[in-house]
Amino acid sequence: MKDKIEKIKKAALAEISAVESDEGLEEVRVKYLGRKSELTEVLKGLRDMSVEEKKEIGQISNLVKNEIESAIIRKETEMKEKEFAELDAKEKIDVTYPGEKVPVGHLHPLTKTRYEVEDIFRSMGFLIADGREVEDEFHNFDALNIPQNHPARDMWDTFWLKDGNLLRTHTSPMQVRFMEENKPPFRIIVPGRTFRFENSDATHESNFHQVEGLMVDESGKLTVANFKSVMAEFMKGLFGKELEIRLRPSYFPFVEPGFEIDVACPYCAGKGCRICKMTGWIEILGAGMVNQKVFTSVGLEEGKYEGFAFGVGLERIAMIKTGVNDLRLFYGNDMRFLEQF
Ligand code: FA5
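Heads up: these notes are all about the structure in this document. Here the residue index of a chain counts from 1 through its sequence in written order. Residues qualify for local features only when their pLDDT is at least 70, as the model is predicted, and side-chain atom pairs are given and counted only at 80 or more; totals for whole chains, interfaces and linings, by contrast, use all residues. Processing note: side-chain calculations cover all non-hydrogen atoms of the structure and skip hydrogens and water entirely.

### Concerning helix α10 (residues 314-322)
Okay, step 1: Think of it in three bands: with a 1.4 Å probe and only protein chains considered, a residue is buried below 20% of the maximum accessible area for its type, exposed above 50%, and partly exposed in between. Each helix is a run of DSSP H or I of at least 4 residues and each strand a run of E of at least 2, with the numbering of both proceeding from the N terminus. Every buried residue of α10 is listed here: L314, E315, I317, A318, M319 and I320.
Okay, step 2: In the segment just after α10, G323 is the residue with positive phi, at about 80°.

Structural data, given as structure tokens:
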């Protein structure tokens with residue numbers, strides 16, 4: 001009997017050590033410790049044995065049973081450890097490893113410039129109005145004191161549409177549209193896309209953007225001095241410092257008098273550099289006091305109101321601010337260029 005138990009033990013330990021899976025181990029456990037196992041049979045047979053035999057064989061059987069159980073537990077632990085070690089080697093996570101950069105987009109430099117300009121004027125109480133890109137001749141020209149056949153029309157090379165309409169050559173038609181709907185006093189800016197039948201070069205495109213400004217009040221309440229102070233605030237907002245401004249006489253049919261505004265170069269403090277073409281001044285926008293003919297073209301009484309208007313190229317501002325010297329780069333969609341902003 002003792003030999004039989006010893007054999008069972010050896011066989012069980014050998015099988016346990018050879019097992020390679022959880023299922024295999026469970027089979028061995030059932031085979032050697034289950035209700036129908038040989039060892040259980042031996043224990044069942046104890047009742048037919050003498051008291052001494054019972055004692056001796058019972059003890060040996062229990063020891064073997066414990067040994068087999070311990071061997072199973074050891075094997076189980078060993079297999080788990082092996083499994084974890086394999087998993088660890090395969091799926092090692094290094095929490096100190098730098099994460100993968102998720103590409104994040106950003107606004108186009110022209111959009112950023114536009115938002116900046118809008119913020120500056122909003123802070124001065126200006127409303128932002130939206131115009132239309134397809135305009136009629138009346139709003140783009142006639143109502144702005146640029147009648148048909150007037151030589152001033154040559155200032156705006158126009159894309160005419162087959163139906164007689166046109167792609168707006170500037171944002172100024174919104175002056176007319178806004179005043180058709182709203183009575184002064186008001187102050188607005190109109191940012192938007194504009195089009196001219198022009199060949200592109202470093203400072204010109206056939207499609208570009210302008211921001212129009214218009215502030216109107218009753219006569220005597222708004223002067224060139226107010227205009228200058230709004231411009232000074234605009235330049236301060238754009239360039240982050242107080243900059244000298246100068247007005248030069250210029251001509252636009254819808255203003256009288258008309259000016260060209262120059263700002264002291266923010267990069268060289270007037271000494272002369274690449275950005276200001278060594279002049280110390282940067283030409284920034286066209287402007288003037290609203291011509292009374294524009295008021296009458298929208299049905300407002302002549303002489304009752306006064307105001308100023310200006311129009312600035314958004315690309316021009318972005319170029320000055322970024323030091324980019326070719327406007328076409330903004331439209332090239334070259335990621336190497338755009339990613340710099
Ligand atoms: C005008 O368009 C007037 N409407 C501006 C104005 C408004 C004057 C209100 C008085 C009162 P001008 O043609 O100069 O003006 O254009 C204004 C700005 O638009 C220019 O200074 C320039 O920065 C920009 N611009 C004009 N043509 C182009 C072009 N082809 N490509 C890029 N920017 C342009």
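### Things to note about the environment of E53
Okay, step 1: Tracing the chain through its elements places E53 in helix α4 (residues 51-90).
Okay, step 2: Overall, the relative accessible area of 41% leaves E53 in the partly exposed class.
Okay, step 3: Spatially, the C-alpha atom of E53 lies 9.7 Å from that of M1, the residues being 52 residues apart in sequence.

### Section: the site of the ligand
Okay, step 1: When we say a residue is near a molecule or strand, we mean one of its heavy atoms is within 4 Å of it. Neighbouring residues of the ligand: 23 residues in total, closest H170, S172, R196, E198 and E205.
Okay, step 2: Within 3.5 Å is the distance limit for a polar contact, defined as a pair of N or O atoms, with the added protein rule that one can donate a hydrogen and the other accept it, and that residues adjacent in sequence qualify only through two side-chain atoms. The contact in question runs from an oxygen atom of the ligand to an N or O atom on the side chain of W156, over 3.4 Å.
Okay, step 3: Contacts to the ligand include E205, whose backbone N or O atom sits 2.9 Å from a nitrogen atom.
Okay, step 4: Accessibility throughout is a Shrake-Rupley quantity obtained with a 1.4 Å probe, and a residue counts as covered only by protein chains that appear here. About the coverage of the ligand: the protein hides 90% of its 670 Å² of free accessible area.
Okay, step 5: Secondary-structure elements contributing two or more residues to the shell around the ligand are β5 (207-218), β8 (281-290) and β9 (305-313).
Okay, step 6: It is β9 that provides the largest number of residues to the shell around the ligand, a total of four residues.

### Description of the pairing of strand β6 (residues 245-250)
Okay, step 1: For two strands to be treated as a pair, DSSP must find no fewer than two bridges joining them. Strand direction decides the pairing type here: β6 and strand β7 (residues 255-264), joined by six bridges, are antiparallel. Directly across from S250, in β7, lies its bridge partner G258.
Okay, step 2: Connecting β6 to the next strand, β7, in antiparallel fashion are four residues.

Bear in mind that shape data such as this cannot, by itself, settle questions of function.
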